2 protein chains.
Amino acid sequence: MTKPLITPATLKGFRDYLPAPAMAREAIMEVARRVYRSYGFSPIDTPALEYTEVLLGKGGEESDKQLFRFTDNGGRDVALRFDLTVPFARFAAQHLNEIGVPFKRYHLAPVWRGENTQRGRYREFVQCDFDTIGTDSNAADIETLLVIHDLLSAIGFERFQIRVNNRLVLNGLLEKLGLADRSAGVLRALDKLHKIGRDGVLAELCERVQTTGEQADQVLDFAQLSGSPVEILNRLEEMLTGNATGELGVARLRELFQVATHAGIPPQRVELDVSIARGLDYYTGTIYETFLIDDPKIGSICSGGRYDNLAGLFTSQKLPGVGASLGLDRLLAAMETFGMIAQASTPAPVLVTQFDATRVDEYTRIGRLLRQAGLNTEVFPDARGVGKQLKYADKKGFRLAVIAGSDEFAAGVWQVKDLRAGSQSQVPESQLIDHIRTLLQSSS
Amino acid sequence: MTKPLITPATLKGFRDYLPAPAMAREAIMEVARRVYRSYGFSPIDTPALEYTEVLLGKGGEESDKQLFRFTDNGGRDVALRFDLTVPFARFAAQHLNEIGVPFKRYHLAPVWRGENTQRGRYREFVQCDFDTIGTDSNAADIETLLVIHDLLSAIGFERFQIRVNNRLVLNGLLEKLGLADRSAGVLRALDKLHKIGRDGVLAELCERVQTTGEQADQVLDFAQLSGSPVEILNRLEEMLTGNATGELGVARLRELFQVATHAGIPPQRVELDVSIARGLDYYTGTIYETFLIDDPKIGSICSGGRYDNLAGLFTSQKLPGVGASLGLDRLLAAMETFGMIAQASTPAPVLVTQFDATRVDEYTRIGRLLRQAGLNTEVFPDARGVGKQLKYADKKGFRLAVIAGSDEFAAGVWQVKDLRAGSQSQVPESQLIDHIRTLLQSSS
């Protein structure tokens, strides 16, 4: 009696990565690691599972409900991490003596959230975070901007815009207007500006946040400031004169724009947008959002900001910091739209076909020879018909097929078929590597 | 009232990776990806969580007990994967039409097992698997050997040995001796050869497996064959003449050794060891184990073999295959012993120190300039005393410090301090990149 087959299925809200998307995702993650490292960020890793008390209440009620939480075989209350920030806070507090400050880390790893899958989101996704902790210095804020810029640029984007703000300027204004205690309400109303327009926000500020009409007007004038960063900063300076919080915010933003330009960041890629207010309570200084000019609707693909204290729930040592996170899945979706993702499902451009099973020694040797020259090369495992092997090569997206049968072995030559151009040439082995390099360059 | 602090702790059996070990692990994983890709293996990924029925009973009773299993918020019986083979079987069955065969994949990902932590094992660890499925061809078995060889070699090992066997030769012998139905018992006894010696195994074969003394002698003569692969293969051929299974095993092994040598694998790195019998029932053909000559006690660091059918529990389509898995944690432990792991906890060799907070523009610019030349460079975020910054540089393992204050800015030069040699030099900016490259090469 044979057992009935088990239906092969992934859990609701989870997905497999087949080779083409897996290669695209790996490529972006490699670029992220390379850029983060180039700035001196070190990798760290933390366990997927944490004590539930480490995670609970750190991301709000919604986040608590979405936890994959259970009791392990040892009776411990455990849960899968829902982000990389909370584990980093726990990590920083636990290892503070070893790591010291300032401490710069990156962390690329999956997180899990039992989200409503109808929104097209997955319950497992990879986050790519980087942070500098243990310093208040604006140099770290500026560097965060540079990292975001160089990251997007290294991934292959040219038309993107990083929108920057600093929570201190709004805080300064609210202090000046006597609304400092109502900042959460003001931010919530401002967040709807794009949706409900100026009049809608005005009404909400007066009715729900109980501001005067004049206060609401000033808040909205502020939020709707536009122009070049220098123009906006000059206006802000006038509006905030005499308020230390606001002036500090303006000074930090001014230095950020000046230094970024000095370091070679194209000015059109960085905008000052005083309306962005990411992370209502969490972020306390500079804020970053990044949009693709040709696909703004996909939302911010790299966001972050400065915070006052990373690990206050775990240690009494204050750890201010600044960082951001690359939205890998959004980015992949955008890259798919733009045709930036290769359709090939093989990381090798060259396929050595096999015609004569008794010459596996030669096919194997030539494959290794090409690899040693830096050319990724697959050797087809079975001696099948040429048509079948070339069909396989086409389907997988190989660029070249290297072919030899008894005639070629007798003559000491290899046939090279360019699978896109359809052309075929014959070269002696001594010229094979150069010939393949030339073909790959010309058809790329 | 402030809340009491939460104790920052990892779960029992789990660990954080601090920068130095995290960098070492990333480096090995990058080499693994590079080598796997060079042979045309594509990455895939599968969810950490699977339906429990997918995982249950696939790794034996021990494995079932070690599952992190729970009921999710949707009432599903789910569990964290305990290896990458079972998810690959599910994946292959589910996506067979899309992926086609032959299919070559690699998968680098964490797995979870609630193991007894007293053995010094962790409950979360990364596996690095590669497999070729959908072919019986010996070319794939030979390639698996090449991949293992090139992987260890690319990681930086020179003194290692891959021990190869083929289950068919033992099966052939057992068929000839009329013991085919008792192979599990014979294997179990043979597995103890190193521990209890020839006499112990002889006794166990006669008493527990109920062989005759002559049968037991022949089995042991077989398992204790030694010499060069060709010598052993010639002896095996004599012993197995007339038995098709055994002859096929010998022929495949003969071709493997011949082709591997022809493809340039140093013969002393591959040994034929008929006593290894990894994966009692799972593996059905070629078997691989890899040992470090200078640390054999750490066990096999890369093991695998050929199997008849990957996904028989999920699909009626037969998927034979061959593959192996790199034991990342064992390898890291060995590399630590051999001093092969860098002590630096920064991926950047260069630290730009900061002395004058008003010149963040220049420090930031020079940092980006060096990065664009391919030199990983950290800019210290705060304008602190030189001693403090150099102490930071020492602790992290930076190689060079790039220093400038008002004098240097006025003269248009940079000071470069070699932190190992203790020497310091002054160069104009136009020579900075070349100077740094020279210093890094000379002290590496």
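This is a predicted model, so every value here is computed, not measured.

**Quick word on the interface of chain A and chain B**
Counting residues at the interface gives 108 residues for chain A, matched by 108 residues for chain B. Surface buried jointly by chain A and chain B totals about 8,900 Å² across both partners, of which 57% is contributed by carbon and sulfur atoms. On the chain A side of the interface with chain B, the three residues burying the most area are Ile 6, Leu 11 and Arg 368 of chain A, jointly 8% of the side's total. At the junction of chain A and chain B, the tally comes to twelve salt bridges. Remark: the boundary between chain A and chain B carries 44 residue pairs in polar contact (both at pLDDT 80 or more). With nine residues, helix α1 (residues 19–38) of chain A is the single largest residue contributor to the side of chain A that touches chain B.

**Things to note about the pattern of salt bridges**
All names here are of chain A. Following the criterion strictly, the structure yields 53 salt bridges over all chains and no others. With a shortest N-O distance of 2.8 Å, Glu 50 and Arg 90 are connected by a salt bridge. Of this pair, Glu 50 sits in strand β2 (residues 49–51) while Arg 90 sits in helix α4 (residues 85–99); the two residues are 40 residues apart in sequence, bridging distant segments of the chain. Both residues of the pair, Glu 50 and Arg 90, belong to the buried class. Here Asp 221 ties to Arg 198 by a salt bridge, and the two come within 2.9 Å at their closest N and O atoms. Placement of the pair is Asp 221 in helix α9 (residues 213–223) and Arg 198 in helix α8 (residues 193–207), with a sequence separation of 23 residues. The exposure class of Arg 198 is partly exposed, given its relative accessible area of 24%.

**Observations regarding the domain arrangement of chain A**
Interface size is commonly expressed as the accessible surface area that is lost when the partners come together. The domain architecture assigned to chain A consists of domain 1 (19–159 + 293–337) and domain 2 (350–442). Taking only C-alpha atoms, the centre of domain 1 of chain A and the centre of domain 2 of chain A are 43 Å apart.

**Thoughts on the relation of the copies chain A and chain B**
There are two copies of the chain, and a rotation about an axis plus a shift along that axis relates them. When chain A is brought onto chain B, the operation consists of a screw motion whose angular component is 180 degrees and whose axial shift is 0.0 Å, with 0.1 Å RMSD remaining. Considering both components of the superposition, the chain copies are consistent with a two-fold axis. Every residue of chain A has its C-alpha some distance from the rotation axis, and the shortest such distance is that of Phe 70 of chain A, at 3.2 Å. Of the interface residues in chain A, 100% have counterparts in chain B that sit at the interface too, so the contact is made through matching surfaces.

**Details of the sheet that holds strand β8 (residues 270–272) of chain A**
All names here are of chain A. If you walk across this open sheet you meet the eight strands as β1-β5-β6-β11-β10-β9-β7-β8, and the pairing is mixed. At either margin of the open sheet sits one strand with a lone partner, and together these are β1 (42–43) and β8. Judged from the ten bridges that link them, strand β5 (residues 103–112) and strand β6 (residues 124–133) form a sheet pairing that is antiparallel. Its bridge partner lying in β6, Val 111 is registered against Phe 125. Sheet strands in contact with helix α11 (residues 244–262) are β7 (160–166), β8, β9 (286–292) and β10 (302–307), and its direction is about 155 degrees off that of β7.

**A closer look at the packing of α1 of chain A against helix α5 (residues 138–155) of chain A**
Residues and elements named next belong to chain A. The N-to-C vectors of α1 and α5 enclose an angle of 145 degrees; their axes lie 9 Å apart at closest approach. Here the hand of the crossing between α1 and α5 comes out right-handed. Contact residues: Ile 28, Val 31, Ala 32, Val 35 and Tyr 36 in α1; Val 147, Asp 150, Leu 151, Ala 154 and Ile 155 in α5. Residues belonging to the contact of α1 with α5 are distributed by class as follows: nine nonpolar, no polar and one charged.

**Quick look at the pairing of strand β16 (residues 424–428) of chain A**
Residues and elements named next belong to chain A. Where strand β15 (residues 413–418) lies against β16, five bridges are found, and the strand directions are antiparallel. Within the sheet, the bridge partner assigned to Val 416 lies in β16 and is Ser 425. Where β15 hands over to β16, the hairpin turn is made up of five residues, of which Gly 422 adopts a positive phi near 80 degrees.

**Observations concerning the environment of Val 126 of chain B**
Residue and element names in this part refer to chain B. Locating Val 126 in the fold gives a position in strand β6 (residues 124–133). Taking relative accessible area as the criterion, Val 126 reaches 8% and is therefore assigned buried. In this structure, the C-alpha to C-alpha distance between Val 126 and Leu 328, residues 202 residues apart in sequence, is 6.7 Å. Once residues within four sequence positions are removed from consideration, Val 126 is found in contact with Arg 25, Met 29, Ala 109, Pro 110, Leu 328 and Asp 329.

**Here's the deal with the environment of Gly 114 of chain B**
The topology assignment puts Gly 114 of chain B in the loop between β5 (103–112) and β6. Measuring from C-alpha to C-alpha, the distance between Gly 114 of chain B and Asp 64 of chain B comes to 9.7 Å, with 50 residues separating the pair along the chain.

Conventions we followed
- Residues numbered from 1 in each chain as written.
- Chains lettered and ligands numbered in written order.
- Predicted model: local features only at pLDDT ≥ 70, side-chain atom pairs only at ≥ 80, totals over all residues.
- Heavy atoms only, no water.
- Contact = heavy atoms within 4.5 Å.
- Buried area = accessible area lost by both parts, 1.4 Å probe.
- Salt bridge = Lys/Arg side-chain N within 4 Å of Asp/Glu carboxyl O.
- Polar contact = N/O pair within 3.5 Å; in protein donor to acceptor, adjacent residues only side chain to side chain.
- Helix = DSSP H or I, 4+ residues; strand = E, 2+ residues; numbered from the N terminus.
- Buried < 20%, exposed > 50% of the residue type's maximum accessible area, 1.4 Å probe, protein only.
- Domains from an automatic or database assignment.
- Least-squares fit on C-alpha atoms with pLDDT ≥ 70 in both.
- Pairing = 2+ DSSP bridges.
- Axes fitted to C-alpha atoms, helices over the stretch in contact; angles between N-to-C directions.
- Left-handed = near helix turned anticlockwise from the far one by under 90°.
- Nonpolar A, V, L, I, M, F, W, Y, C, P; charged D, E, K, R; others polar.

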